[in-house]
Amino acid sequence: MSQQTIKDSGSDRLFIIFIYLFLTAVLVVVLYPLVYILSASLSSPSAVAAGKVWLLPVDFSLEGFKAVFSQSSVLRGYANTLFYTTLGTTINIILTIMIAYPLSRKTFVGRGIIMFLLVFTMLFEGGLIPLYLTVKNLGMLDSIWAMLLPNALMVWQVIIARTFFQMTIPEELSEAAQLDGCSDLAFMLKIVLPLSKPIVAVLILMYAVFHWNSYFEALMFLSSRELYPLQLVLREIVIMNTVDISNITDVASYSAQLNLANQLKYSLIVLTTLPILLIYPFVQKHFVRGMLIGSVKE
Amino acid sequence: MDTNRLPLQKNKSYLSNQLTKIKLKQIKRHWQLYLIVMLPLLYLLIFKYIPMYGALIAFKDFNAVDGILGSPWAGWKHFEAFFTAPNFWPIVNNTLLLGVYGLLVGFPAPIILALALNEIRNGIFKKSVQMITFAPYFISTVVVVSMIILFTSPRLGIFNHLFEFMGFQQVDFMGIPQYFSHIFVWSDVWQNVGYGAVIYLAALSGVNPQLYEAARVDGATRLQKIIHIDLPSIMPTVVILLILNVGQFMKLGFEKIYLMQNNLNLSASEVLQTYVFKVGIEGANFSFASAVGLFNSVINLILLLLANYLAKRVSESSLW
């Protein structure tokens, strides 16, 4: 805002100082836990246990990260999560475009009904149990499909994509293409898709973050530990406190072993969150754009 | 008059006839679009509408052999059982308390942040605050709860290191029911305040600069500008988001609550959705759990409709 051109009055100056103080406090409160986790993961296990870490790493060491990989479930969890995220997002994108594009065409008779069917699922849902029974009846329990299909489409993302298509692909263009003998399918593949790279990027981000972070589907539908995604492994190790210390053998005493078992939790948190926070600075503005497109009403 | 109406009516039915013809022609011409939309519709049918229909088992005594259709009807039995159960009121109370508390704190927080950010000049500081407060939104629920548990852990957590340092007794925060709602609500604010502020900031950037000019000429202070210009301009956005938030009221991040639960804090942390999960999926008591879940969904729908209705009455903005 360019309200700064005129000199602030005394009370205004006080007010703006207050605002700066407030925002600085917010900044510190939000940032501190993240910095602390990172520092703790890079400190020596005994320093973390003794409470010597406050802001920066103390006795820098990578032992925690080494110990994380002694947990066999972690690497498998990483691989599973990568798989679910990649394949799940691909399915999401395909289905989202398949429904969002037709819904964006005014000549598509019945779009009102389909839109209603879509939005209604946001207002009312059958609930956990009926969903569980449906997945069970389909024979998908404890299979990778339970991680990919129940969330194959999300309404909010469809609305974002539809709004984008409405704004960027004019009705005249698709009509003209039709007159020239271009079929709807060919038009979608040759014209719509190349033009919608920005929105596809936004959708990929949104869906991928969802898959990477979700744990509840896995908790509900999976029972084989080989299929567990990373988030569920993290839950076991940190929240349920089941570190397998039998593999941490290169440590002298039992108490050192326990310290390491505690510290590897910090390292695991860093490893789970890192991929997302690393791309975050680059994708933030796309994410914001997606949110704003979605909030355009009709 | 009468002689005039007849041809008009004829005209009308002729028109509607033509309209259906045009529609049919459109459908025929765009048959590929209908083919394309089939797969997503199939998804909706299987994973959204069949479970809605499956909620019927709340009124049945479901057994796996007979399936949803074949199982015998039970009427309102499961609802009555739930309403008269000794844990009915504690669970409903917890759900309402966490929901209302979360809404009272979590809803205004991003508005305040956005208004504050809007006051300062565009620059590195503003960008940093925006970027850093938005970041926790991308962190998973499991990681956030893991962080809470590590920070509040009785012997090794940083809070207790701090308490120790200051000479206080150590506290097992997660084991004390009275603390549960505060930890839940404020960690949510930590995670979502920056995300929530984004939409309000966009709305604020659309405010006509002439309004500020005029206010300045009239000698308005910054606070007055916020109250008389900023707040009214973002009101429509506020109302819409409030309705959406109320619509999420009964869901209230139960995935997070479930992770934060332990045996010690259960008296404050058991909510409808976590109860459904435990009784239904862990306990395989499908019909009873569905009844509880359905109760939850219906209350949620009623709240949403009510919020939308009230918003329509009080202001011009509403969802539909």
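Residues numbered from 1 in each chain as written. Chains lettered and ligands numbered in written order. Predicted model: local features only at pLDDT ≥ 70, side-chain atom pairs only at ≥ 80, totals over all residues. Heavy atoms only, no water.

A. Representation of the overall build of chain B. Counting its secondary structure elements, chain B contains 16 helices and zero strands. Over its C-alpha trace chain B gives a radius of gyration of 27 Å, far above what one expects of a compact globule, namely 20 Å for 320 residues. Put simply, chain B has 320 residues, and 49% of those count as buried. Considering only contacts in chain B between residues 6 or more positions apart, those separated by 24 or more positions represent 63%. Accessible surface, chain B as shown: approximately 16,500 Å² in total, 67% of it carbon and sulfur. Seen as two clouds, the 23 positive and the 15 negative side-chain charges of chain B have centres 16 Å apart. (Helix = DSSP H or I, 4+ residues; strand = E, 2+ residues; numbered from the N terminus. Rg over C-alpha atoms; globule rule 2.2 N^0.38 Å. Buried < 20%, exposed > 50% of the residue type's maximum accessible area, 1.4 Å probe, protein only. Contact = heavy atoms within 4.5 Å. Areas by Shrake-Rupley, 256 points an atom, 1.4 Å probe, with all protein chains shown as cover. Lys, Arg positive; Asp, Glu negative; His and termini not counted. Charge placed at Lys NZ, Arg CZ, Asp CG, Glu CD.)

B. The arrangement of the interface of chain B and chain A in detail. Tallying the contact residues gives 95 residues for chain B and 99 residues for chain A. Overall, the association of chain B and chain A removes approximately 9,500 Å² of surface from exposure, summing both partners, and the carbon and sulfur fraction of that is 75%. Per-residue buried area on chain B facing chain A is highest for Phe-47, Phe-138 and Arg-222 of chain B; these three make up 8% of the total on that side. At the junction of chain B and chain A, the tally comes to one salt bridge. Linking Glu-175 of chain A and Arg-29 of chain B is a salt bridge whose minimum nitrogen-to-oxygen distance equals 2.6 Å. (Buried area = accessible area lost by both parts, 1.4 Å probe. Salt bridge = Lys/Arg side-chain N within 4 Å of Asp/Glu carboxyl O.)

C. Inspection of helix H6 (residues 108-119) of chain B at higher detail. All names here are of chain B. When the terminal C-alpha atoms of H6 are compared, their 17 Å separation across 12 residues agrees well with the 16 Å that a helix rising 1.5 Å per residue should span. Counting buried positions along H6 yields 10 of 12 residues, so the element is predominantly enclosed. The set of residues buried in H6 consists of Ala-109, Pro-110, Ile-111, Leu-113, Ala-114, Leu-115, Ala-116, Leu-117, Asn-118 and Glu-119. (Expected span 1.5 Å × (residues − 1).)

D. Inspection of a nonpolar patch on the surface at higher detail. On the surface, Trp-54, Leu-55 and Leu-56 of chain A together with Leu-162, Phe-165, Met-166 and Phe-168 of chain B cluster together to form a nonpolar patch covering roughly 760 Å² of accessible area. Structurally, Phe-165 of chain B is set in helix H9 (residues 158-165). (Patch = residues over 30% accessible without salt bridge, like charges linked within 9 Å, V, L, I, M, F, W, Y side chains within 5 Å.)

E. Geometry of the packing of aromatic side chains. Considering all chains together, one arrives at 51 aromatic pairs over all chains under this definition. With 6.5 Å between their ring centres and 10° between their planes, Tyr-132 of chain A and Phe-221 of chain A make a pair best called stacked. Linking Tyr-132 of chain A in helix H6 (residues 128-137) with Phe-221 of chain A in helix H12 (residues 216-221), this pair joins segments that are 89 residues apart in sequence. Given a relative accessible area of 2%, Phe-221 of chain A falls into the buried group. Ring geometry for Phe-159 of chain B against Phe-173 of chain B: centres 5.8 Å apart, planes inclined by 55°, an arrangement best described as tilted. (Phe/Tyr/Trp six-rings, centres within 6.5 Å; stacked < 30°, edge-to-face > 60°.)

F. Focus on the environment of Ile-169 of chain A. All names here are of chain A. For Ile-169, the position within the fold is in the loop between helix H8 (155-168) and helix H9 (171-179). With relative accessibility at 1%, the residue Ile-169 sits in the buried group. Taking the C-alpha atoms as reference points, Ile-169 and Gln-157, separated by 12 residues in sequence, lie 18 Å from one another.

G. Examining the domain arrangement of chain A more closely. All names here are of chain A. The domain architecture assigned to chain A consists of domain 1 (3-69 + 243-294) and domain 2 (72-226). Centre-to-centre separation of domain 1 and domain 2, based on C-alpha positions: 32 Å. Both sides of the domain 1 and domain 2 interface together cover about 1,400 Å² of buried area, and 78% of this is carbon and sulfur. On the domain 1 side of the contact with domain 2, Ile-276, Phe-287 and Ile-293 bury the most area, a combined 36% of that side's loss. Linking domain 1 with domain 2 are zero salt bridges, by the criterion used here. (Domains from an automatic or database assignment.)

H. Focus on the confidence of the model for chain B. Across chain B, pLDDT averages 89, with 96% of residues at or above 70. Per-element confidence in chain B ranges from a low mean pLDDT of 73 for helix H1 (residues 2-29) of chain B to a high of 96 for H6 of chain B. (pLDDT = per-residue confidence, 0-100.)

I. Local environment of the domain arrangement of chain B. According to the domain assignment, chain B contains domain 1 (1-49) and domain 2 (77-314). Using C-alpha coordinates to define each centre, domain 1 of chain B is positioned 44 Å away from domain 2 of chain B.

J. Here's a closer look at empty space enclosed by the protein. Overall, the coordinates contain two cavities of 30 Å³ or more when judged by the stated rule. One number sums up the size of the largest cavity: a volume of about 50 Å³. Lining of the largest cavity is provided by Gln-284 of chain A together with Leu-113, Leu-117, Gln-130, Thr-133, Phe-134, Gly-194, Ala-197, Val-198 and Leu-201 of chain B. At the level of secondary structure, the elements contributing two or more residues to the lining of the largest cavity comprise H6, helix H7 (124-134) and helix H10 (177-205) of chain B. In terms of residue count, H10 of chain B provides more of the lining of the largest cavity than any other element does, four residues in total. Of the residues contributing to the lining of the largest cavity, the split by class is six nonpolar, four polar and no charged. Taken as a whole, the second largest cavity spans an internal volume of roughly 40 Å³. As for the second largest cavity, its lining consists of Tyr-84, Met-147, Asn-151, Phe-210, His-211, Ser-214 and Glu-217 of chain A. Split into classes, the residues belonging to the lining of the second largest cavity amount to three nonpolar, three polar and one charged. (1 Å grid on protein atoms, 1.4 Å probe; cavity = no way out; pocket = protein on both sides within 12 Å on 5 of 7 lines; lining within 4 Å. Points joined across faces, edges and corners; volume = space filled by probe spheres on them. Nonpolar A, V, L, I, M, F, W, Y, C, P; charged D, E, K, R; others polar.)

K. Structural context of H6 of chain A. Buried residues dominate H6 of chain A, accounting for eight of its 10 residues. Of the positions making up H6 of chain A, those classed as buried are Leu-128, Ile-129, Pro-130, Leu-131, Tyr-132, Leu-133, Thr-134 and Val-135 of chain A. Those residues of H6 of chain A that are buried lie in contact with helix H7 (145-148) and H12 of chain A together with helix H2 (31-54), helix H13 (254-260), helix H15 (272-282) and helix H16 (286-314) of chain B. With its phi angle positive at about 70°, Gly-139 of chain A sits one or two positions after the end of H6 of chain A.

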